[in-house]
Amino acid sequence: MKFKSLGITLFFIGATATSHAQAVNNCGFKIPPKSLKTNFSSIYEARDIVNTMLDTIKWKENFRLQEQNGINNAYATIIRDQRYIVYDNNFLENVDNYAATKWASISIMAHEMGHHYYNHVVSAKGSTVPKEIEADAFSGYVMNRLGATLAQSVAAMEKIGSDKQSATHPAKRDRLDAIRKGWDMGNADRGITRDNGGTGGTGNTTTNPTTDPTWIGLSMQSNKNETVYLSDDGKKYQAAEIKVGETFVFKFEIYNYGWLRLPYFNGYRTFKLMHGKDYAIIMNRRTKNWTLVEVPD
């Protein structure tokens with residue numbers, strides 16, 4: 001690195017491997033295998049995710065993002081009196097693939113945001129067990145407010161957390177407990193009680209659009225069932241059938257918005273949909289093309 005910095009670290013490079021165990025880093029975290037997928041591909045996507053987090057919890061950002069491939073790490077730090085979250089996008093992709101969910105990398109970024117939120121990086125002590133627990137709880141809270149299930153919120157820690165506590169980081173059991181408590185705090189702020197049967201499951205809090213503002217309502221003014229195309233990332237679209245007289249209720253997983261693609265005279269037209277909104281798809285009688293109208297509250 002070109003500079004010296006004091007950082008609060010969730011993951012740190014310096015892996016050691018044995019013939020009988022998966023490689024782990026100096027913080028005791030398992031190093032995920034390399035992925036051939038590209039989901040968390042650039043600082044622009046990272047910026048979009050962070051902005052969504054900030055909007056969700058109504059917090060004004062006090063840090064910058066810096067992409068640094070090859071460090072196999074993600075951490076919060078101060079560089080020349082400026083707060084940063086430094087991350088390796090390849091590492092985040094690997095974690096997503098290993099945990100089988102894109103929420104894994106988002107929970108890591110939320111954890112690092114927590115270090116800045118609680119001013120952990122201004123201390124000369126670096127990482128400590130209490131700081132990590134507090135940042136883990138913050139991650140759980142933010143994940144809840146983004147619409148992640150409990151299982152999605154703990155996915156990264158479940159896969160790469162160390163079973164044993166170190167001098168600077170808690171054991172996986174304690175970290176998972178902190179994430180769950182933070183997630184429950186998100187429910188409490190919305191007046192929702194988690195019901196998972198005591199199993200640590202996903203609960204039943206994301207199935208009722210009247211109590212969860214992250215859902216979207218989509219209806220179509222047609223005399224027959226119609227098929228539209230929806231995308232969480234603007235790249236891959238899935239067909240969705242909207243039935244006559246029914247509202248199609250859904251939400252996008254990662255951002256608080258997504259994309260709708262409708263047939264148009266020259267191919268397709270793409271619209272941006274926001275969480276907490278209802279939309280109607282209607283036929284423009286002049287152009288004979290489908291168009292989108294937001295339904296007022």
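Residues numbered from 1 in each chain as written. Predicted model: local features only at pLDDT ≥ 70, side-chain atom pairs only at ≥ 80, totals over all residues. Heavy atoms only, no water.

1. A few points about the sheet that holds strand S11 (residues 278-284)
Strand pairing in a sheet relies on backbone hydrogen bonds. The paired strands run either parallel or antiparallel. Here is the rule: Whether two strands pair depends on DSSP finding at least two bridges between them. Labels follow the DSSP assignment, with helices taken as runs of H or I lasting at least four residues and strands as runs of E lasting at least two, numbered in each case from the N terminus. Lines fitted to C-alpha atoms define the axes, with helix axes restricted to the stretch in contact, and inter-axis angles between N-to-C directions lie between 0 and 180 degrees.
In spatial order, the strands read S8-S5-S11-S12; together these four strands make up an open sheet with mixed pairing. Both outer strands of the open sheet, strand S8 (248-250) and strand S12 (289-295), are each paired with one neighbouring strand and no more. In this sheet, neighbouring strand axes are inclined to one another by 25 degrees on average, regardless of whether the strands run parallel or antiparallel. Relative to S8, strand S5 (residues 216-220) is paired through three bridges, and the arrangement is antiparallel. Residue pairing in the sheet places isoleucine 216 in a bridge with phenylalanine 250 of S8.

2. Points about the pattern of salt bridges
This is how the line gets drawn: A side-chain nitrogen of Lys or Arg and a carboxyl oxygen of Asp or Glu constitute a salt bridge if their distance falls within 4 Å.
Under the definition given, this model contains nine salt bridges. Note that glutamate 158 is salt-bridged to arginine 180, the shortest N-O span being 3.8 Å. Here arginine 180 lies in helix H7 (residues 172-189) and glutamate 158 lies in helix H6 (residues 155-160), a separation of 22 residues in the sequence.

3. Some remarks on the nonpolar core
Selection criterion: Here the nonpolar core consists of buried residues drawn from Ala, Val, Leu, Ile, Met, Phe, Trp, Tyr and Cys, with membership extended through side-chain atoms lying within 4.5 Å. Working definition: with a 1.4 Å probe on protein chains only, accessible area under 20% of the residue-type maximum means buried, over 50% means exposed, and in between means partly exposed.
Residues Met53, Met109 and Met113 are the most contacted members of the largest nonpolar core, which totals 34 residues. Listing elements by their share of this core, those giving two or more residues are helix H1 (43-57), strand S4 (82-87), helix H2 (89-99), helix H3 (103-117), helix H4 (129-146) and H6. Looking at this core element by element, the count peaks at seven residues for H3. In terms of nonpolar packing, the next biggest core, distinct from the first, is built from 17 residues, Ile216, Val228, Leu260 and Phe271 among them.

4. Focus on the sheet that holds strand S9 (residues 257-264)
Ordered in space as S7-S6-S9-S10, the four strands form an open sheet in which the pairing is antiparallel. What marks the edges here is a single partner per strand, and that holds for strand S7 (238-242) and strand S10 (267-274). Averaged over all neighbouring strand pairs, the angle between strand axes comes to 35 degrees, with direction disregarded. By the bridge criterion, eight bridges tie S9 to S10 in an arrangement that is antiparallel. For tryptophan 259, the partnering residue across the bridge sits in S10 and is lysine 272.

5. Structural notes on the confidence of the model for the protein chain
As a note on interpretation, predicted positions should not be read in detail where pLDDT is low. Formally: Within a predicted model, pLDDT stands for the predictor's per-residue confidence, ranging from 0 to 100. By definition, residues are in contact when any of their heavy atoms lie within 4.5 Å.
In the predicted model, the protein chain carries a mean pLDDT of 78, and the fraction of residues at 70 or more is 78%. A low-confidence stretch, residues 1-20 stays under pLDDT 50, and its non-local contacts, those more than four residues away or across chains, total 68 contacts. Between residues 194-207, whose pLDDT stays under 50, and residues either more than four places distant or in other chains, the model counts 28 contacts.

6. A closer look at H3
Worth spelling out the cut-off: By definition here, a helix of n residues has an expected span of 1.5 Å times n minus one.
The end-to-end C-alpha distance of H3, which contains 15 residues, comes to 20 Å, matching closely the 21 Å that a straight helix rising 1.5 Å per residue would cover. With respect to burial, H3 is a largely interior element, 14 of its 15 residues being buried. Phi turns positive one or two residues past the end of H3, at asparagine 119, with a value near 60 degrees.

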